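The chain contents come next:
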Amino acid sequence: MGADHTRPAPSAPPGVRRILVATVVPLFVVTVIAALVLWPRDSRQSDGGAEPARHHGTVTRVVTEPCPPTPEAPGAAEGPCGTVTVRVEQGPDSGQQVETPVPAGPGAPAVAVGDEVVLVQLADPADPTATSYQIAEHQRGKPLVWLVALFAAAIVAFGRLRGLAALAGLGASFAILLAFVVPGIAAGGSPLLIAITGSALIMFVVLYLTHGITAQTSVAVLGTLGSLVLTGVLGSLATAATHLTGFGSEEATTLSMYQRDVDLHGLLLAGIIIGSLGVLDDVTVTQAATVTELAHANPGLSRTQLYRAATRVGRAHIASTVNTIVLAYAGASLPLLLLLTADSRPVSQILTSEFLAQEIVRSAVATLGLVAAVPLTTALAALVATAGRGPADDPARDTGPAPTPRPSADRDAALEALSASRPGGPSTPAPARWPDPERSTDTAW
């Protein structure tokens with residue numbers, strides 16, 4: 001087993017541990033009970049019609065040719081045109097060679113010999129027994145598997161046991177999202193309640209699994225939970241004040257066609273809360289660890305000194321994390337931002353429109369919750385780190401008499417004594433008396 005370069009946090013006093021247990025355990029029980037109550041039991045599946053059969057295949061030949069003119073655009077060549085020969089690897093025609101048209105149109109895949117593709121088997125409406133094949137997209141299973149394997153290997157190689165725990169926490173997060181949050185919202189449940197419950201459940205599992213059951217982790221859990229609740233309240237107020245409906249994206253509009261009972265306004269709030277969780281636990285864990293390390297490195301620091309020192313670290317962390325949040329949302333909405341250059345409306349109208357105001361509210365609310373997490377977690381961590389100190393241990397409580405100041409010699413007399421010649425020998429220039437002219441004369445700590 002490799003060495004772990006992370007030093008375990010100092011143990012908290014028994015009284016502090018009892019208080020943390022009495023606080024965290026009821027919150028965890030309430031979260032589990034809420035998850036059981038909100039758990040989807042009759043998840044409804046949308047009837048999207050009969051989906052065409054999809055089979056894997058390998059391209060064996062590609063023949064391109066000039067496109068014939070069309071009545072809409074005589075003489076214009078729209079392409080590419082031609083045929084693609086594909087060896088079918090699944091389904092009733094497995095092992096056979098079939099011909100399909102060269103994929104054309106916006107977003108069509110560009111195929112070459114040897115490419116692994118996904119074929120869609122279509123039935124002729126006039127004759128259901130007659131079928132044809134179309135190339136839908138490339139197979140991406142193998143590249144994704146290799147990428148995930150490389151990702152997991154890098155995490156375990158660098159983090160070792162802690163990295164393995166982080167991967168387990170990531171798997172637990174996806175399991176909760178796919179088994180509880182998404183089916184619960186699809187079944188018609190309240191997106192806001194499901195998102196808060198699911199986020200709290202993810203937080204408990206991931207933080208304790210990754211960082212261990214310690215007082216430091218419990219402080220991060222409490223700070224994250226408090227910031228999540230604040231983010232939900234701020235999100236509700238902001239979306240109500242800006243009159244957002246949740247129909248700010250094409251995906252939301254399409255979802256409303258298939259599942260009319262989904263609360264899109266609540267879905268917007270759920271997205272804000274879940275999106276904030278990943279950044280919140282990073283900040284709260286960092287602040288709790290910073291306070292713990294400062295208290296361990298200098299036990300003489302008072303509660304106020306610990307809070308101020310750790311808050312300075314938190315300010316630097318927030319300054320970079322805020323930019324991370326905005327850029328993450330901007331990257332996810334890059335096609336949306338490109339519409340700004342194509343829209344002829346004034347900038348003020350574009351910024352206040354539904355689709356862009358939604359992104360502004362999402363970024364602002366997440367940032368406010370993140371900023372609130374720093375003082376909240378730092379204050380809790382400082383209370384825990386200094387708990388159990390006696391009056392003699394806390395400099396802030398030291399009420400004893402001040403130490404007697406050391407008598408200071410007269411400055412001129414000291415300089416004269418240092419520059420005077422030694423008795424019994426010639427005067428030596430001052431630089432020659434120092435073995436190392438560059439040596440610091442400051443008193444060592």
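Here, the structure is the one placed above.
A brief report on the enclosed structure follows. Being a predicted model, the structure only gives us computed values, none of them experimental. (Residues numbered from 1 in each chain as written. Predicted model: local features only at pLDDT ≥ 70, side-chain atom pairs only at ≥ 80, totals over all residues. Heavy atoms only, no water.)

### Brief notes about the sheet that holds strand β4 (residues 116-123)
An order of β3-β2-β1-β4-β5 is seen for the five strands of this open sheet, with the pairing classed as antiparallel. Here the strands that pair on one side only, and so sit at the sheet edges, are β3 (97-101) and β5 (131-138). Each adjacent strand pair in this sheet contributes to an overall mean axis angle of 45 degrees, direction not counted. Pairing between strand β1 (residues 53-65) and strand β2 (residues 81-88): eight bridges, direction antiparallel. Looking across to β2, one finds that Glu65 is bridged to Cys81. (Pairing = 2+ DSSP bridges. Helix = DSSP H or I, 4+ residues; strand = E, 2+ residues; numbered from the N terminus. Axes fitted to C-alpha atoms, helices over the stretch in contact; angles between N-to-C directions.)

### Some remarks on the packing of aromatic side chains
Pairs of aromatic rings are described using the distance from one ring centre to the other and the angle between the two planes. Taken as a whole and assessed by the stated rule, the structure comprises two aromatic pairs. Residues Phe28 and Phe204 carry aromatic rings whose centres are separated by 5.3 Å and whose planes lie at 75 degrees to one another, so their mutual orientation is edge-to-face. Remark: Phe204 occurs in helix α4 (residues 191-211) and Phe28 occurs in helix α1 (residues 14-38); sequence separation between them is 176 residues. According to the relative accessible area criterion, Phe28 is partly exposed, its value standing at 36%. The interplanar angle of 25 degrees and the centroid separation of 5.3 Å between the aromatic rings of Trp39 and Phe180 together place this pair among those described as stacked. Note that Trp39 is positioned in the loop between α1 and β1 and Phe180 in helix α3 (residues 161-186), a separation of 141 residues in sequence. We classify Trp39 as partly exposed; its relative accessible area is 37%. (Phe/Tyr/Trp six-rings, centres within 6.5 Å; stacked < 30°, edge-to-face > 60°. Buried < 20%, exposed > 50% of the residue type's maximum accessible area, 1.4 Å probe, protein only.)

### Focus on the pairing of β3
Of the two faces of β3, the one holding Val98 and Thr100 is buried and the one holding Gln97, Glu99 and Pro101 is not buried anywhere. Bridging between β2 and β3 involves five bridges; their strand directions are antiparallel. Residue pairing in the sheet places Val84 in a bridge with Thr100 of β3.

### Points about the state of the cysteines
Inspection of the entire model under this criterion finds one disulfide. Covalent S-S linkage joins Cys67 and Cys81, the inter-sulfur distance amounting to 1.9 Å. Taking the sign of the S-S torsion, about 110 degrees here, the bridge from Cys67 to Cys81 comes out right-handed. With a gap of 14 residues between them, Cys67 in the loop between β1 and β2 and Cys81 in strand β2 connect regions that are remote in the sequence. (Disulfide = S-S within 2.5 Å.)

### Observations concerning the pairing of β1
By the bridge criterion, six bridges tie β1 to β4 in an arrangement that is antiparallel. Of the residues in β4, the one forming a bridge with His55 is Leu119.

### Focus: the side chain of Asp281
Considering the arrangement of structural elements, one finds Asp281 in helix α7 (residues 264-297). Despite its burial, Asp281 remains without a salt bridge, the nearest opposite charge being carried by Arg162 at 12 Å. Those residues in contact with Asp281 that sit more than four places away from it in its chain are Leu207 and Thr224. (Lys, Arg positive; Asp, Glu negative; His and termini not counted. Salt bridge = Lys/Arg side-chain N within 4 Å of Asp/Glu carboxyl O. Contact = heavy atoms within 4.5 Å.)

### A word on the nonpolar core
If you look at the biggest cluster of nonpolar residues, it comprises 47 residues, and the most contacted ones within it are Leu20, Phe180, Met203, Phe204, Val221, Leu370 and Val384. Breaking this core down by element, the ones donating at least two residues are α1, α3, α4, α5 (215-241), α7, α8 (303-332) and α11 (354-386). Beyond its immediate stretch of four places on either side in the chain, Leu20 contacts Val25, Ala215, Ser218, Leu222 and Val384. Ranked by size, the runner-up nonpolar core spans 11 residues in total, among them Val84, Val98, Val117 and Ile135. (Core = buried A, V, L, I, M, F, W, Y, C linked by side-chain atoms within 4.5 Å.)

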